[in-house]
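# Overview (structure and organization)
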Amino acid sequence: MKNLAAGLSDLEGSEGVAEMTTNSKSIQDNIHGIIEVPPLCVKIIDTHVFKRLKSLCQLGVTHHVYPGATHTRFEHSLGVMYLGGVYCDKLKVNYPDLISPKDKLCVQIGGLCHDLGHGPFSHLWEGFVRKVTKTSWS
């Protein structure tokens, strides 16, 4: 995590943003094809915390009925990172001064990390906790 913190602090200067958005790595995604992953996002993907998402099924227990439904939270998070970047690129076309490279990278990091707090059967667990504690989370 020390490398990740160093990468985030590098974003303070404009030169740091350029460094964090060039020399990306390519990943073949089943849905989106080849996606480019910025170096800072690669540092996040290479952490133990992120890699654990490979063992969490995005579709719950659906794969027991539909064996091809094996989409993991890892794959899902890569796709969200990619789509966040695509969305920023589209905004930049229509509003050139609205999105900076730093903004795009932050959106991509957000997409990448949005599922890190999930555990196995997390949404089923939420329903169980609500029922047992009789708590409303709205």
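Check the entry above for the structure.
What comes next concerns the included structure. The shown structure was predicted, so the numbers you read here are calculated from the model rather than taken from an experiment. (Residues numbered from 1 in each chain as written. Predicted model: local features only at pLDDT ≥ 70, side-chain atom pairs only at ≥ 80, totals over all residues. Heavy atoms only, no water.)

## Looking at the side chain of T72
The test is simple: Secondary structure elements follow DSSP: runs of H or I of four or more residues count as helices, runs of E of two or more count as strands, with numbering from the N terminus. Contacts between residues were defined by any pair of non-hydrogen atoms, one from each residue, lying within 4.5 Å.
Following the sequence through the fold, T72 ends up in the loop between α4 (48-51) and α5 (73-94). Setting aside anything within four residues of it in sequence, one finds T72 in contact with L53, K54, L56, C57 and Q58.

## Here's the deal with the pairing of strand β1 (residues 25-29)
Let me state the cut-off plainly: Strand pairing follows a simple DSSP-based rule, namely that at least 2 bridges must link the two strands.
Pairing between β1 and strand β2 (residues 33-37): five bridges, direction antiparallel. Across the sheet, Q28 pairs through a bridge with I34, a residue of β2. Linking β1 to β2, which pair antiparallel, is a turn of three residues.

## A look at the pattern of salt bridges
For the record, the criterion: By convention in these notes, a salt bridge is any Lys or Arg side-chain nitrogen within 4 Å of a carboxyl oxygen on Asp or Glu. Burial classes: relative accessible area under 20% of the type maximum marks a residue as buried, over 50% as exposed, and values in between as partly exposed (1.4 Å probe, protein chains only).
Within this structure, the stated rule accounts for two salt bridges. In this structure, D115 and R73 form a salt bridge, with 3.2 Å as the shortest nitrogen-oxygen distance. Taken together, the positions of D115 in the loop between α6 (101-113) and α7 (122-133) and R73 in helix α5 put the pair 42 residues apart, joining distant regions of the chain. You'll find D115 and R73 in the same group, each marked buried.

## A few points about the layout of surface pockets
The line we're drawing: Each cavity reported here is a set of points on a 1 Å grid over the protein atoms alone in which a 1.4 Å probe fits but cannot get out, each pocket an open set with protein on both sides within 12 Å along at least five of seven lines, and each lining residue one with an atom within 4 Å of a point. Grid points are joined across faces, edges and corners, and a volume is the space filled by probe spheres set on the points. Polarity classes work like this: nonpolar for Ala, Val, Leu, Ile, Met, Phe, Trp, Tyr, Cys and Pro, charged for Asp, Glu, Lys and Arg, and polar for all others, with Gly in that last group.
Taken as a whole, the second largest pocket holds about 210 Å³ of empty space. Ranked by residues supplied to the lining of the second largest pocket, first place goes to α5 with five residues. In the lining of the second largest pocket, the residues fall into six nonpolar, four polar and three charged.

## Considerations on the packing of α5 against α6
Selection rule: Axes, fitted as lines to C-alpha atoms, cover a helix only where it is in contact. Angles between the N-to-C directions of the axes lie from 0 to 180 degrees. Roughly parallel here means an angle under 35 degrees, roughly antiparallel means over 145, roughly perpendicular means 65 to 115, and every remaining angle is called oblique. Left-handed is the label given to a crossing in which the near helix is rotated counterclockwise from the far helix by less than a right angle, and right-handed is the label when the rotation is clockwise.
Here α5 crosses α6 at 155°, and the two axes come no closer than 7 Å. Judged by the inter-axis angle, α5 sits roughly antiparallel to α6. Here α5 runs over α6; the crossing is right-handed. Of the residues in α6, those in contact with S77, L78, V80, M81, G84, G85, C88 and D89 of α5 are K104, V107, Q108, G111 and L112.

Remember that the coordinates give geometry; whether it matters functionally is a separate question.
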